[in-house]
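# Fold and geometry: a report
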Amino acid sequence: MAGRVHPRQLAFSLPHAESLSRDNFLEGPANAAGLALIDSWPEWPSRIMWLAGPEGSGKSHLAAIWAELSGARSTMANVLTPASVPGTLATGALVVEDLKAKDFDERALFHLMNLAREDGAFVLFTGRAAPAALEVDLRDLHSRLRTIPVISLAPPDDQLFRGLIVKFCADRQLTVDESVVGYLATRLERSSAAARRAVELLDSEALRLGRPVTRALAAELLRDT
């Protein structure tokens, strides 16, 4: 008799909402200056501020906390147009996310900064690099960018990195023990983005294979990536 073939379990990639509340922000030396800026609002040194840091350093989480606190609207830098500027500033506070070289309308950004100054609006920019590093063609915009105060975020230290791994697991309702957290913390690139990707992979593979998330599974997956 031919052996029975067992159907392979299908893993469906369902969206998992990452908590971006103040209570769920993990503070450490790497992001303390950024959190201090958010907590000090509206007593900022300038009404236009910039959060700079590598991918996954917490810029978007901090921006989300500030948006909730200030009633700010949020937009991605690459969708901002001159015509949309007045509407985006309607609440008197705005988050402009992921500002990077050659991926935004210079006229829109210049208009935004001028209008924010005229209206006394608050603007929080986020980007991987400091604004002075951006290459722009508009000389006046270049000058304006260089005047924005910058708060820099650094990659997480060991304690914060372990906390991020636990948080990403909790966001996906995964139960893991210290052996899994410790294994990941010592073998992944020290960044929030790397931790997030690893937890997503563990979750999807555990579901596909019908196995719990264990150190052994983590070792298998990291060995194969």
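Structural notes, computed from the coordinates. Per chain, the residues get numbers from 1 upward, laid out in the order the sequence is written. For a predicted model such as this one, the threshold for reporting local features is a pLDDT of at least 70, and the threshold for listing and counting side-chain atom pairs is 80 or more; totals across whole chains, interfaces and linings nevertheless cover every residue. Hydrogens and waters are ignored; side-chain quantities use all the structure's heavy atoms.

### Digging into the overall build of the protein
Selection rule: Here a helix means four or more residues in a row that DSSP labels H or I, a strand means two or more in a row labelled E, and each is numbered from the N terminus. For each residue, the accessible area found with a 1.4 Å probe, counting protein chains only, is set against the maximum for its type, and the residue is called buried under 20%, exposed over 50%, and partly exposed in between. What makes two residues a contact is simply this: any of their non-hydrogen atoms within 4.5 Å. Only the protein chains shown count as cover for residues, with accessible areas throughout obtained via the Shrake-Rupley method and a probe of 1.4 Å.
When helices and strands are counted, the protein shows nine helices and five strands. Its helices and strands taken in sequence order, the protein reads α-β-α-β-α-β-α-β-α-β-α-α-α-α from the N to the C terminus. Based on the C-alpha atoms only, the size of the protein along its principal axes is roughly 80 × 40 × 30 Å. The buried share among the 225 residues of the protein stands at 43%. Contacts in the protein between residues far apart in sequence, at least 24 positions, make up 73% of those at least 6 positions apart. In the structure as shown, the protein presents an accessible area of about 12,300 Å², 52% of it carried by carbon and sulfur atoms.

### Structural notes on helix α4 (residues 106–119)
Short version of the rule: Working rule for helices: expected span equals 1.5 Å times residues minus one.
The end-to-end C-alpha separation of α4 is 20 Å, in line with the 20 Å expected for 14 residues at 1.5 Å each. Buried within α4 are the following residues: Glu106, Ala108, Leu109, Leu112, Met113, Asn114, Leu115 and Ala116. Looking at the packing, one finds that the buried side of α4 touches β1 (48–52), α3 (85–88), β3 (93–97), β4 (122–127) and α5 (139–146).

### Considerations on the nonpolar core
Worth spelling out the cut-off: Note on terminology: a nonpolar core comprises buried Ala, Val, Leu, Ile, Met, Phe, Trp, Tyr and Cys residues joined through side-chain atoms within 4.5 Å.
Of all hydrophobic cores here, the largest spans 25 residues; its most connected members are Leu89, Leu112, Phe125 and Leu145. Counting only elements with at least two residues in this core, the list comes to β1, β3, α4, β4 and α5. For this core, the element with the highest residue contribution is α4, accounting for six residues. Contact partners of Leu145, with chain neighbours within four places excluded, come to Trp50, Leu109, Met113, Pro131, Leu134 and Val136. Listed in part, the 24 residues of the second largest apolar core include Ala30, Phe161, Tyr183 and Ala198.

### Concerning the sheet that holds β3
Stated precisely, the cut-off is as follows: Here, a strand pair is defined by DSSP locating no fewer than two bridges between the strands. To define axes, lines are fitted to C-alpha atoms, for helices over the stretch in contact only, and angles between the resulting N-to-C directions are given on a 0 to 180 degree scale.
Across the sheet, which stays open at both edges, the five strands sit in the order β2-β3-β4-β1-β5 with parallel pairing between neighbours. Two strands close off the open sheet at either side, each with one partner strand: β2 (73–76) and β5 (150–152). The sheet shows a mean angle of 20 degrees between the axes of neighbouring strands, direction not considered. Lying on the sheet, helix α2 (residues 59–70) is in contact with β1, β2, β3 and β4; it crosses β3 at an angle near 165 degrees. Packed onto the sheet, α4 meets β1, β3 and β4 and runs at close to 145 degrees relative to β4.

### Concerning the pattern of salt bridges
What counts here: Each salt bridge in this description consists of a side-chain nitrogen of Lys or Arg and a carboxyl oxygen of Asp or Glu lying within 4 Å of one another.
A complete count under the given rule lists eleven salt bridges for this structure. Across the salt bridge formed by Lys100 and Asp98, the nearest N and O atoms sit 3.4 Å from each other. In this structure Lys100 comes out as partly exposed when scored by relative accessible area, which is 39%. Accessibility expressed as a relative area gives 26% for Asp98, which makes it partly exposed. Taking the shortest distance from any N to any O, the salt bridge between Asp105 and Arg107 comes out at 3.4 Å. Residue Arg107 is classed as exposed on the basis of its relative accessible area of 56%. Salt bridges sharing common partners tie together Asp158, Arg162, Glu178 and Arg190.

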